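# Coordinates in review
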Amino acid sequence: MLIVKNLNKSFGPFKAVSNFNLTIGREEFICLVGPDGAGKSTTLRILAGLEKPDSGEIELFGKKVVTFTSGLRTRIGYLPQNFSLYGDLTVEENLKFFAGLYGQHSPEELIKSLLEFTRLGPFKDRQADQLSGGMKQKLSLACTLVHQPELILLDEPTTGVDPVSRRDFWQILFSLQREGKSILMTTPYLDEAERATRVALMNQGQLLAFDTPEKLIASLPGKVLELVSPESRVIYQHLKTDRAFLDVQLRGDRVDFLVSKEYQEEILKKSLVDKNLSWEDLAEISPSLENVFIYLLKKENPGRENGDINGIGSHS
Amino acid sequence: MESAVIVENLTRKFGHFVAVDHISFSIPRGQVFGFLGANGAGKSTTIRMLCGLLKPTSGQAIVAGYDIYHQSEEIKKVIGYMSQKFSLYRDLKVKENLEFFARVYGLDNKKFKSRVAELEEKIGLSGKEELITGKLPVGWRQRLALACAILHQPEIIFLDEPTGGVDPLARRQFWDLIYDLSSEGKTIFVTTHYLDEAEYCQEIKIMHAGRIIAEGSPAQIKKRYFPEKLFELVTAEPLRIYNWLKEQPEIEQISLFGKKLHLLISSDQVKQIQERWNGLGIGRFDLRPIVPTLEDVFIRRLEEAGGEKGK
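Residues numbered from 1 in each chain as written. Chains lettered and ligands numbered in written order. Predicted model: local features only at pLDDT ≥ 70, side-chain atom pairs only at ≥ 80, totals over all residues. Heavy atoms only, no water.

## Focus on the overall build of chain B
Each helix and strand counted, chain B has 11 helices and 14 strands in total. For chain B, the spread of C-alpha atoms along the principal axes amounts to about 80 × 45 × 35 Å. Among the 311 residues that make up chain B, the fraction classed as buried is 58%. Within chain B, counting contacts between residues at least 6 apart in sequence, those at least 24 apart form 67% of the total. Here chain B displays about 13800 Å² of accessible surface, and carbon together with sulfur accounts for 50% of that area. (Helix = DSSP H or I, 4+ residues; strand = E, 2+ residues; numbered from the N terminus. Buried < 20%, exposed > 50% of the residue type's maximum accessible area, 1.4 Å probe, protein only. Contact = heavy atoms within 4.5 Å. Areas by Shrake-Rupley, 256 points an atom, 1.4 Å probe, with all protein chains shown as cover.)

What follows is the structure in structure tokens.
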């Protein structure tokens, strides 16, 4: 469906995308994850034909892309971060407008099915400005589907959308996937990315890792111990720089320790007892993509942990 | 423990619409408190009342020792507010933003200088004073926004979706700062609908339709409202297994996430379900236990609360 080889793109001295490779098969749902400024949006814009790469090869639908012809474009749907709906048009009028743009002359059937599909039917006469954030996103998605694209590119479609609408949005994407569409979507949420068929982790224009969530998690050279304690913060302060841990993270009443697979819980318990610290619960939990991502980022940028986040995502 | 915020039966109506419906809670000084809910749940209305910007219809609230009905001017001096969305002037330099907020809060020159030096050290903005705010990476902008919100040394800091949409590493560094402030005794009041952000709070209240529908620490909330086991199943044929599983009496809840299924069943019934499927001779599947996320809890409570309301 899509093969990207050695893609490069610079803006002046800033290398936005650097030797980037990616493949997407039919019915695949891929999440592209990375810090702010990692190059996710630029990559998507290149694949939508809106930005010319400096070098690299793109193969789409089995053919090498020389230029993004209009024939090619109609097979791609692209939802940018700031998609503009017409606020004073109704839901249905927006859909008609976008269908017209793509030269769909009698789009009634299609619009009906899109309204049903996105469950926006009951709101079809409402002005787009009067919709909630989640519904606006659904309408924007519907507008990028009017020409029935095979490859769907979505740039952070769920940012700022509340959890209920977010789930709803995902269910729509899953049904598109089951219909045979391929989806490439960027997201800052790693919990969300765990639902994708494969996840691409991107940093400073480069691909750090690309695999199924299960394999990425399995690649983590360690296990995660979670400690629940009312003294979580004191424990974190005491142990965050302890070299026995690959990573320590405080979250509310819990402290997560990334340790080597051989690490014995007893060592941790003993050091807590020695320091007169108490806990309620200590158990191994399944690692998350966030553990993987942070582990890889720290490996790439050891300096970043000391509060030095300069340069990450900075265009200046 | 000393309370930074005490709320009793706080209620606000707009015409017939009850935005906040008799809510009560208290926040001990120094706590990182998370206030969650979808859009329209009543979060902003509650905060506007607590900041002295909106009069309640009924009920009581004391913020940092001041009564919200009669002492709103005092309250404004002891609270700080930061929102990721619109708190900074992007075309001003870092130091100009700090100066602007210092003026707003009425800091004199001497105090401003010592406070800025202190904050630059603490928040790590030294050497960045001359940079244009809009050109900073998001992680830096957040720190600056926080510095601006706490220039006047507020007792209670309101954070509105402080790290929504930010990458995990920058987010973690931001929360380390928040935990430092809380260790100094500052009370942190976070509102968000990002549930991964809520995981960082010590105590959480989930609001829906003007009421509090779940409360506790993140670990407690998961245990209390999600006592059963959640299992995940990965399969090449999700629809087929989904349709079959849906009919099995042991399955309490099932959701389809692409090629994955999430099932809610009690652990002792997992085996019999697996055996029944394997007996059909179509293939095998494996279930692995997963920890419910706050999002799972949130959506479940919302469905339950919706049901209660419908009765």
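## Quick word on the side chain of Thr 118 of chain A
For Thr 118 of chain A, the location among the structural elements is in the loop between α4 (108-117) and α5 (133-144). Ignoring any residue separated from it by four or fewer positions in sequence, one finds Thr 118 of chain A in contact with Lys 138, Ala 142 and Ile 172 of chain A.

## Quick notes on unusual backbone geometry
The backbone phi angle of Gln 204 of chain A is positive, close to 45°, even though this residue is not glycine. When you line up the elements, Gln 204 of chain A lands in the loop between β9 (198-203) and β10 (206-211). Non-glycine residue Asn 9 of chain B carries a positive phi angle of around 50°. Mapping Asn 9 of chain B onto the fold places it in strand β1 (residues 3-14). On the basis of relative accessible area, Asn 9 of chain B is assigned to the partly exposed category, the value being 42%.

## So, the domain arrangement of chain A
As far as domains go, chain A holds domain 1 (2-216) and domain 2 (221-286). Centre-to-centre separation of domain 1 of chain A and domain 2 of chain A, based on C-alpha positions: 40 Å. (Domains from an automatic or database assignment.)

## Quick notes on the packing of aromatic side chains
Tallying each qualifying case throughout the model produces 21 aromatic pairs over all chains. Arranged with centres 4.9 Å apart and planes meeting at 65°, the rings of Tyr 86 of chain A and Phe 97 of chain A form a pair that is edge-to-face. In this pair, Tyr 86 of chain A sits in the loop between β6 (76-79) and α3 (91-101) while Phe 97 of chain A sits in helix α3, placing the two residues 11 residues apart along the sequence. We classify Phe 97 of chain A as partly exposed; its relative accessible area is 32%. With centroids separated by 5.0 Å and ring planes inclined at 50°, the aromatic side chains of Phe 33 of chain B and Phe 189 of chain B adopt a geometry described as tilted. With Phe 33 of chain B in strand β3 (residues 32-36) and Phe 189 of chain B in strand β8 (residues 187-192), this residue pair connects regions lying 156 residues apart in the sequence. On the accessibility criterion, Phe 33 of chain B (0% relative accessible area) is buried. Looking at Phe 189 of chain B, the relative accessible area reads 1%, which means it is buried. (Phe/Tyr/Trp six-rings, centres within 6.5 Å; stacked < 30°, edge-to-face > 60°.)

## Observations concerning the pattern of salt bridges
Residue and element names in this part refer to chain B. Enumeration over the complete set of coordinates arrives at 37 salt bridges over all chains. Notably, a salt bridge pairs Lys 205 with Glu 203, separated by 3.2 Å at the nearest N-O pair. Note on Lys 205: relative accessible area 6%, which makes it buried. By relative accessible area, which is 18% here, Glu 203 ends up buried. (Salt bridge = Lys/Arg side-chain N within 4 Å of Asp/Glu carboxyl O.)

## Some remarks on helix α9 (residues 238-246) of chain B
Residue and element names in this part refer to chain B. Listing the buried residues of α9 in full gives Pro 238, Ile 241, Tyr 242, Trp 244 and Leu 245. For α9, the buried positions fall inside an angular range of 170° around the axis, keeping them on one side. On the buried face of α9, the contacting elements are β11 (229-234), β12 (253-257), β13 (260-265) and α10 (270-279). (Arc of directions from axis to C-beta.)

## Considerations on the environment of Pro 56 of chain B
Along the polypeptide, Pro 56 of chain B turns up in the loop between α1 (43-50) and β4 (58-63). With a relative accessible area of 8%, Pro 56 of chain B lands in the buried category.

## Some words on the interface of chain A and chain B
Counting from both sides, the interface comprises 53 residues of chain A and, opposite them, 53 residues of chain B. Buried area between chain A and chain B, both sides added, is near 4500 Å², and the carbon and sulfur share of it is 50%. Summed over the shared surface of chain A and chain B, the result is 8 salt bridges. For Glu 295 of chain B, the salt bridge goes to Arg 166 of chain A, with nearest N and O atoms at 2.9 Å. In this assembly, chain A and chain B are joined by 20 residue pairs in polar contact (both at pLDDT 80 or more). Counting only elements with at least two residues in the side of chain A that touches chain B, the list comes to α6 (163-178), α7 (190-193), α8 (213-218), α9 (232-239), β12 (247-251) and α11 (289-300) of chain A. Here the side of chain A that touches chain B takes 8 residues from α6 of chain A, the largest share from any one element. Of the residues contributing to the side of chain A that touches chain B, the split by class is 19 nonpolar, 15 polar and 19 charged. (Buried area = accessible area lost by both parts, 1.4 Å probe. Polar contact = N/O pair within 3.5 Å; in protein donor to acceptor, adjacent residues only side chain to side chain. Nonpolar A, V, L, I, M, F, W, Y, C, P; charged D, E, K, R; others polar.)

## Thoughts on the environment of Lys 15 of chain A
Residues and elements named next belong to chain A. Structurally, the position occupied by Lys 15 is in strand β2 (residues 14-24). With 191 residues separating them along the chain, Lys 15 and Gln 206 place their C-alpha atoms 9.7 Å apart. The contacts of Lys 15, once residues within four sequence positions are left out, are Asn 8, Lys 9 and Ser 10. Side chain to side chain, Lys 15 and Asn 8 meet in a polar contact 3.0 Å long.

## Thoughts on the confidence of the model for chain A
Interpretation of the predicted coordinates at a detailed level should be avoided for regions scoring low in pLDDT. Model confidence for chain A is summarised by a mean pLDDT of 89, while 95% of its residues fall at 70 or above. Of the regions scoring below 50 in pLDDT, residues 305-316 of chain A engages in 28 contacts with residues more than four places distant in sequence or in other chains. (pLDDT = per-residue confidence, 0-100.)

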